[in-house]
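Observations on chain architecture
If you want the building blocks of each chain, they are given just below.
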Amino acid sequence: LYSTYTANTWEHFAVTFENKIMTIYKNGAQYGTSITYTYTGALTATMPFRIGVSFNLSNSYGGKIDDFGIWSRKLTSNEISNLYNQVIERQVLNHY
């Protein structure tokens, strides 16, 4: 994921977890899936929650993150696409 962003370009990323499977979305479309992630679904965690850095701090994102959200359920691919499209529509309206 660290090499999938474009410098100086706004991009939308979303990640879902279900049944220990992590799915990554980029700009509203599914980008990849990992079945090696060991998310347990536990309400408490032994590791800190981080955005923009890998779990072992070996990679970090050097750009800006303007907002993020956490939902109590897995969003569908249609919901993620709609979130992306709503942001794009606001950007176009705010540009003019």
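Look up: the structure comes first, before these words.
Quick caveat, the model's predicted, so the values are computed rather than measured.

Taken residue by residue, a regular strand's side chains alternate between the two faces of the sheet. Of all six residues in strand E2 (residues 21-26), five are buried; the element is thus mostly enclosed. Summarising the sheet, strand E1 (residues 13-18) and E2 pair through six bridges and their orientation is antiparallel. Residue pairing for E2: Glu 18 is matched across the bridge by Ile 21. Where E1 hands over to E2, the hairpin turn is made up of two residues, of which Asn 19 adopts a positive phi near 50°. By the bridge criterion, five bridges tie E2 to strand E3 (residues 29-34) in an arrangement that is antiparallel. The residue of E3 that forms the bridge with Lys 26 is Ala 29. As consecutive antiparallel partners, E2 and E3 are separated by two residues, and within that stretch Asn 27 has a phi angle of approximately 50°, a positive value.

Calculation rules
- Residues numbered from 1 in each chain as written.
- Predicted model: local features only at pLDDT ≥ 70, side-chain atom pairs only at ≥ 80, totals over all residues.
- Heavy atoms only, no water.
- Buried < 20%, exposed > 50% of the residue type's maximum accessible area, 1.4 Å probe, protein only.
- Helix = DSSP H or I, 4+ residues; strand = E, 2+ residues; numbered from the N terminus.
- Pairing = 2+ DSSP bridges.

These results come straight from atomic positions and should not be treated as a statement about function.
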